[in-house]
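What follows is each chain in one-letter form.
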Amino acid sequence: MSAKPVLQIAVASGKGGTGKTTIAVGLVIVTGRCQLLDCDVEEPNAHLFLHPALTRTEKVTLPVPEVNGERCTLCGRCAEACQFHAIAVMGRQVLVFPELCHGCGACSLACPEGAIREAPREIGVVESGKSGKIGFVHGRLNVGEPMATPVIRAVKAQRNGERLTIIDAAPGTACPVVEAVKGSDFCLLVTEPTPFGLSDLRLAVEVMEKLAVPCGVVINRSGEGDEATEAFCATKQLPLLGRIPFDRAIAEAYAHGRHPVYAVPELGRQLEQILDRALACARGNLS
Amino acid sequence: MKELVVISGKGGTGKTTLVGSFAALAGGSALADCDVDAPDLYLLLHPEIHHQDEFRAGQVAVIDKESCTRCGRCLEVCRFEAVTPGFSVEALNCEGCGACRVVCPAEAVELQERVAGDWFRGKTTYGPMVYARLRPAEENSGKLVALVRKEARAWAEREGIGLLLTDGPPGIGCPVIASVGNADLALVVTEPTPSGIHDLERALTLCRHFRVPAMVCVNKFDLNPSLDRQVREYCARAQIAVTESIPFDESVPKAIGQGLPLVEFDHGPASCASAAVWSQLRQELMGGQRERRPQKKG
């Protein structure tokens, strides 16, 4: 490989509110040139700090079945094929429950009469634009919709691959995190030095192991209680990429809608170091 | 029985810390930790586990190599990139929809059940507790949440307990919908930050959508008192009650470090404010003789 590969770095955490978005956006700000994909589509927040000019909006839809009553013979194959109970034959009609539908197409494949057509149903949007030299994409799941993963997939489809990609993932350990982190070269796990933080970090590391995405740890609000997290990183042989000390000034800047790097210059230096280490780890893993 | 569910939209606003304090203050309520991705309430309440079970949900396709004719139909119809060119299934991508099984002419595809998590029943000094843990990278967290709530309710009813405290997950997706539906009251915990307020609005919309009455609590309010006021004004316009606000307090991480509910750790500013919030909630829960409204399924 001659050209340097364009890397994709995800920022995730088991626990919510550990500072994923602050760190992801901070990395974006210190790099200056990159693309940010905000994949926390249930609660996208990165735009609140980057104020991008959003110039494109695309609907995210799922294909849901529509049954042609004239062709349908009520044979029930569709209901049999659907693993999500999203379609059922009730008396003399076929009922569709759109919120349960995963858009897999099994019902229309199973229908012997060709009576099922699929129509798009909107579940969210993807918005994209720029904030200075930073490419910005985020997704927004419509409130009341249960399924976040198709929206995350749509956000990731906007990756241009021309420069470093930074992904801000949702909290947790379930499908939305998997979808967001999948395919990344490296994942930065943000934790806090409390038993809550450590318990959730353990779970997040298990997810990364399953995804085979190498990861490293950032201790946010570091100070008291770092030792347990350090010990865990040592036994798991996880690189400790850096620590961001507990500082009320960071929390206050954040609360005032200002990214803390602008209020606490030291934070910018720490983030630069964290990014350098993360990129070195990612490159090391690639070669 | 009355159920209070604590949610937030944004993660890390202090849901679990508050539920831990409420459990200590209520004394004798039933407890459900519905953050099945990152269950933490047990770290404050230390349940003694006496029952544990696997949670089975969802499926994964398995292709039998012997009978597979490599015709490629499954590869064509799979919308989740779960079938590899070598005709095996990437379990992480597989939704378990079975479209591949529908089209396979050789009947080589089987759908196998997944073990998606584990759930626990235990006793704490504050009351019976049910919680669960999703296995890493699994799906169906909404169903696991529903199971936790069902088990906690059943236990509470058996023991004649009149109150269930439910610690909800962050976000607004399926596990949150499963936590909120049919509860008597939702407390939405927010923080005075642009993200906190942005997410509060989405969480309140969700409560309205599922017709669950909501109250709002601003945590760490003194980080930005003007946003605290803004939340109060917003809620007044939307006719949503706001509890006493809780100040930023360095005792919170210390209490978590000791594995104690905040109200048992000290009587500092956040501890006292949490107690005030609890008395307001108790009044709302026990005083309000509101009828259970018909729920909408998610």
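Owing to the predicted nature of the structure, the values given are computational and were not obtained by experimental measurement.

Engineer: Is there a simple way to explain the overall build of chain A in this structure?
Structural biologist: Each helix and strand counted, chain A has 11 helices and 11 strands in total. Projected onto its principal axes, the C-alpha coordinates of chain A cover approximately 70 × 45 × 40 Å. When each of the 287 residues of chain A is scored for burial, the buried share is 53%. For chain A, contacts bridging at least 24 residues in sequence account for 74% of all contacts bridging at least 6.

Engineer: Got a minute to help me understand unusual backbone geometry in this structure?
Structural biologist: What is expected of a backbone is that most residues other than glycine have negative phi and most peptide bonds are trans. For Arg211(B), which is not glycine, the phi dihedral falls at a positive 55°. Positionally, Arg211(B) belongs in the loop between helix H7 (194-209) and strand S8 (214-218).

Engineer: Help me understand the nonpolar core, please; the structure alone is not making it clear to me.
Structural biologist: Nonpolar side chains tend to gather and get buried jointly when the protein is soluble and globular. By size, the foremost hydrophobic cluster in this structure holds 192 residues, and its most contacted members are Val148(B), Val180(B) and Ala186(B). Broken down by element, the residue count for this core peaks at 8 residues, all from helix H7 (residues 195-211) of chain A. Contacts of Val180(B), omitting those with residues within four sequence positions, involve Val5(B), Ile7(B), Gly168(B), Ala186(B), Leu206(B), Cys207(B), Phe210(B) and Val212(B).

Engineer: Please explain the interface of chain B and chain A as it appears in this structure.
Structural biologist: The accessible area lost on association of the parts is a frequent measure of interface size. Listed by partner, the interface residues are 52 residues for chain B and 52 residues for chain A. Of all the elements in the fold, those that place two or more residues in the side of chain B that touches chain A are helix H4 (99-103), helix H5 (141-158), helix H6 (174-180), H7 and helix H9 (251-258) of chain B. Looking at the side of chain B that touches chain A, the element that brings in the most residues is H7(B), giving 8 residues. Of the residues in the side of chain B that touches chain A, the class split is 22 nonpolar, 21 polar and 9 charged.

Engineer: In this structure, what is going on with the sheet that holds strand S5 (residues 127-134) of chain B? I would like to understand it.
Structural biologist: Adjacent strands of a sheet form backbone hydrogen bonds with each other and so pair up, either parallel or antiparallel. Residues and elements named next belong to chain B. Strand order in this open sheet of 9 strands is S3-S4-S5-S2-S6-S1-S7-S8-S9, and the pairing throughout is mixed. Only two strands of the sheet have a single partner each, and these edge strands are strand S3 (48-63) and strand S9 (241-242). Sheet topology note: the S8/S9 ladder contains 2 bridges and is parallel. Bridge pairing links Met215 to Ala241 in S9. The sheet strands contacting H7 are strand S1 (2-7), strand S7 (185-190) and S8, and the helix crosses S7 at an angle near 170°.

Engineer: Is there a simple way to think about the domain arrangement of chain A in this case?
Structural biologist: Here chain A is partitioned into domain 1 (8-34 + 163-286) and domain 2 (63-122). Here the C-alpha centre of domain 2 of chain A lies 43 Å away from the C-alpha centre of domain 1 of chain A.

Engineer: Teacher, can you tell me more about the domain arrangement of chain B here?
Structural biologist: Split into domains, chain B comes out as domain 1 (2-55 + 117-287) and domain 2 (65-107). Between domain 1 of chain B and domain 2 of chain B, the C-alpha centre-to-centre distance is 42 Å.

Engineer: What is the right way to read the pairing of strand S1 (residues 8-12) of chain A from this model?
Structural biologist: Two faces, one strand: in a regular strand the side chains alternate between the faces of the sheet. Residues and elements named next belong to chain A. Of all 5 residues in S1, 5 are buried, a share of seventy percent or more. With burial as the criterion, each face of S1 is covered, one bearing Gln8, Ala10 and Ala12 and the other bearing Ile9 and Val11. The pairing of S1 with strand S8 (residues 165-168) spans 4 bridges and is classified as parallel. From the neighbouring strand, Val11 faces S8, where its bridge partner is Asp168. Sheet topology note: the S1/strand S9 (residues 186-191) ladder contains 4 bridges and is parallel. Bridged to Ala10 within S9 is Cys187.

Engineer: I would appreciate a short explanation of the pairing of S8(B) in the present structure.
Structural biologist: All names here are of chain B. Counting buried positions along S8 yields 5 of 5 residues, so the element is predominantly enclosed. Residues Ala214, Val216 and Val218 of S8 are buried on one face, and the alternating residues Met215 and Cys217, pointing to the opposite face, are buried as well. Sheet topology note: the S7/S8 ladder contains 5 bridges and is parallel. Bridged to Val189 within S8 is Cys217.

Engineer: Explanation requested: H7(B) in the structure shown.
Structural biologist: Spacing of three or four residues puts side chains on the same side of an α-helix, whose turn is 3.6 residues. Residue and element names in this part refer to chain B. With 16 residues, H7 should reach 22 Å at 1.5 Å per residue; the first-to-last C-alpha distance of 23 Å fits that figure. Turning to H7, its buried residues are Ser195, Gly196, Ile197, Asp199, Leu200, Arg202, Ala203, Leu204, Leu206 and Cys207. Among the residues trailing H7, Arg211 stands out with phi positive, at a value near 55°.

Engineer: In this structure, what is going on with the environment of Tyr234(B)? I would like to understand it.
Structural biologist: All names here are of chain B. Along the chain, Tyr234 turns up in helix H8 (residues 225-237). Judged by local crowding, Tyr234 falls into the partly exposed class, with 16 C-beta atoms found within 10 Å. Each C-alpha atom, one on Tyr234 and one on Ile197, is 9.8 Å from the other, the two residues being 37 residues apart in sequence.

Engineer: What exactly am I supposed to notice about the sheet that holds S8(A) here?
Structural biologist: Residues and elements named next belong to chain A. Pairing is mixed across the open sheet formed by 9 strands, whose spatial order is S3-S6-S7-S2-S8-S1-S9-S10-S11. In this open sheet, the two strands that pair with only one neighbour each are strand S3 (53-67) and strand S11 (240-245). Each strand axis lies, on average, 20° off the axis of its neighbour in the sheet, ignoring direction. Here strand S10 (residues 215-222) runs beside S11; their pairing, made up of 5 bridges, is parallel.

Engineer: Sorry, what's going on with the environment of Phe232(A) here?
Structural biologist: Residues and elements named next belong to chain A. For Phe232, the position within the fold is in helix H8 (residues 226-236). Its 17 C-beta neighbours within 10 Å are what place Phe232 among the partly exposed residues. With 34 residues separating them along the chain, Phe232 and Leu198 place their C-alpha atoms 8.3 Å apart. Those residues in contact with Phe232 that sit more than four places away from it in its chain are Leu198, Leu201 and Arg202.

Engineer: Help me understand the packing of helix H1 (residues 15-26) of chain B against helix H11 (residues 269-287) of chain B in this model?
Structural biologist: Helices that pack against each other are described as a pair by the angle of their axes relative to one another and the distance between those axes. Residues and elements named next belong to chain B. In contact at an axis separation of 10 Å, H1 and H11 are set at 70° when each is read in the N-to-C sense. Classified by the angle their axes make, H1 and H11 are roughly perpendicular. Remark: the crossing between H1 and H11 carries right-handed chirality. Together, Leu18, Ser21, Phe22 and Leu25 of H1 and Ser274, Ala275 and Trp278 of H11 make up the contact between the two elements. The class makeup of the residues in the contact of H1 with H11 is 5 nonpolar, 2 polar and no charged.

Engineer: Got a minute to help me understand the packing of H7(A) against H8(A) in this structure?
Structural biologist: Residue and element names in this part refer to chain A. For the pair H7 and H8, the least separation of the axes is 10 Å and the interaxial angle reads 20°. Relative to H8, the element H7 is oriented roughly parallel. Crossing hand, H7 versus H8: right-handed. Contacts between H7 and H8 pair Leu198, Leu201, Arg202 and Val205 from the former with Ala228, Thr229, Phe232 and Lys236 from the latter.

Cut-offs used in this document
Sequence order as written defines residue numbering, which begins from 1 separately in each chain. Both sets of labels track the order of writing: A upward for chains, 1 upward for ligands. Reporting in this predicted model follows two pLDDT cut-offs: at least 70 for local features of residues, and 80 or more for side-chain atom pairs to be given and counted; totals over whole chains, interfaces and linings ignore these cut-offs and use all residues. Secondary structure elements follow DSSP: runs of H or I no shorter than four residues count as helices, runs of E no shorter than two count as strands, and numbering proceeds from the N terminus. Around each residue's C-beta, the other C-beta atoms within 10 Å are counted; 20 or more make the residue buried, 12 or fewer make it exposed, and counts in between make it partly exposed. All C-beta atoms are placed from the backbone. Residues are treated as contacting if the C-beta atoms built from their backbones sit within 7 Å of each other. Remark: nonpolar core denotes a set of buried Ala, Val, Leu, Ile, Met, Phe, Trp, Tyr and Cys residues whose joining runs through C-beta atoms within 7 Å. Here the term charged refers only to Asp, Glu, Lys and Arg, the term nonpolar to Ala, Val, Leu, Ile, Met, Phe, Trp, Tyr, Cys and Pro, and the term polar to all other amino acids, Gly among them. Paired strands, as defined in this entry, are two strands with at least two bridges between them according to DSSP. All axes here are fitted lines through C-alpha atoms, helices being fitted over the stretch that makes contact, and every angle between N-to-C directions spans 0 to 180 degrees. Here the limits of each domain have been adopted from an automatic or database domain assignment. One fewer than the residue count of a helix, multiplied by 1.5 Å, yields its expected span. In these notes the angle categories are as follows: under 35 degrees is roughly parallel, over 145 is roughly antiparallel, 65 to 115 is roughly perpendicular, and the rest is oblique. In this scheme, a crossing is called left-handed if the near helix is turned counterclockwise away from the far one by less than a right angle; it is called right-handed if the turn is clockwise.

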